[in-house]
Amino acid sequence: MKKFWSYLDNRKTSIGAGCLFSAMVLQQLCGIWVDGPIPDWMGKTLTSLEWLGGLFTGVGLSHKGLKTMQCKGKGDTASAEPR
């Protein structure tokens, strides 16, 4: 788990933003190309992308904020910069 968390370091917010952007694009394309009600699978896909985007963006920003606060407490701001 620690190895996976290290892999996600400096990527969580980007992954979340990508999911939210994908959901927005898919929703717009659906509005343009789908006549009538939205198919069930598309609604579930949109909901999943929005949920994952919110989760990854929130965790990424919270983690970055905590790292910055810890570094300011130690007087070292260089380690808060991306690697």
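For the structure itself, look to the data block above.
Everything numeric here is computed off the predicted structure, so don't read it as measured data.

### Focus: the overall build of the protein
A count of helices and strands for the protein gives three helices and zero strands. Of all 83 residues assigned to the protein, the portion counted as buried reaches 18%. Within the protein, contacts between residues separated by at least 24 positions form 65% of all contacts whose residues are at least 6 apart in sequence.

### So, the side chain of Lys 67
If you trace the backbone, Lys 67 turns up in helix α3 (residues 40-74). Overall, Lys 67 belongs to the buried group, its relative accessible area being 16%. A distance of 3.4 Å separates polar atoms of two side chains, one belonging to Lys 67 and the other to Asp 9.

### Observations regarding a nonpolar patch on the surface
A contiguous nonpolar patch, built from Phe 21, Met 24, Val 25, Leu 29, Ile 32 and Trp 33 and spanning about 670 Å² of accessible area, is present on the exposed surface. Summarising the element assignment, Ile 32 is placed in helix α2 (residues 12-33).

Calculation notes
Residues numbered from 1 in each chain as written. Predicted model: local features only at pLDDT ≥ 70, side-chain atom pairs only at ≥ 80, totals over all residues. Heavy atoms only, no water. Helix = DSSP H or I, 4+ residues; strand = E, 2+ residues; numbered from the N terminus. Buried < 20%, exposed > 50% of the residue type's maximum accessible area, 1.4 Å probe, protein only. Contact = heavy atoms within 4.5 Å. Polar contact = N/O pair within 3.5 Å; in protein donor to acceptor, adjacent residues only side chain to side chain. Patch = residues over 30% accessible without salt bridge, like charges linked within 9 Å, V, L, I, M, F, W, Y side chains within 5 Å. Areas by Shrake-Rupley, 256 points an atom, 1.4 Å probe, with all protein chains shown as cover. Salt bridge = Lys/Arg side-chain N within 4 Å of Asp/Glu carboxyl O.

Limitation: the analysis is restricted to geometry and does not speak to function.
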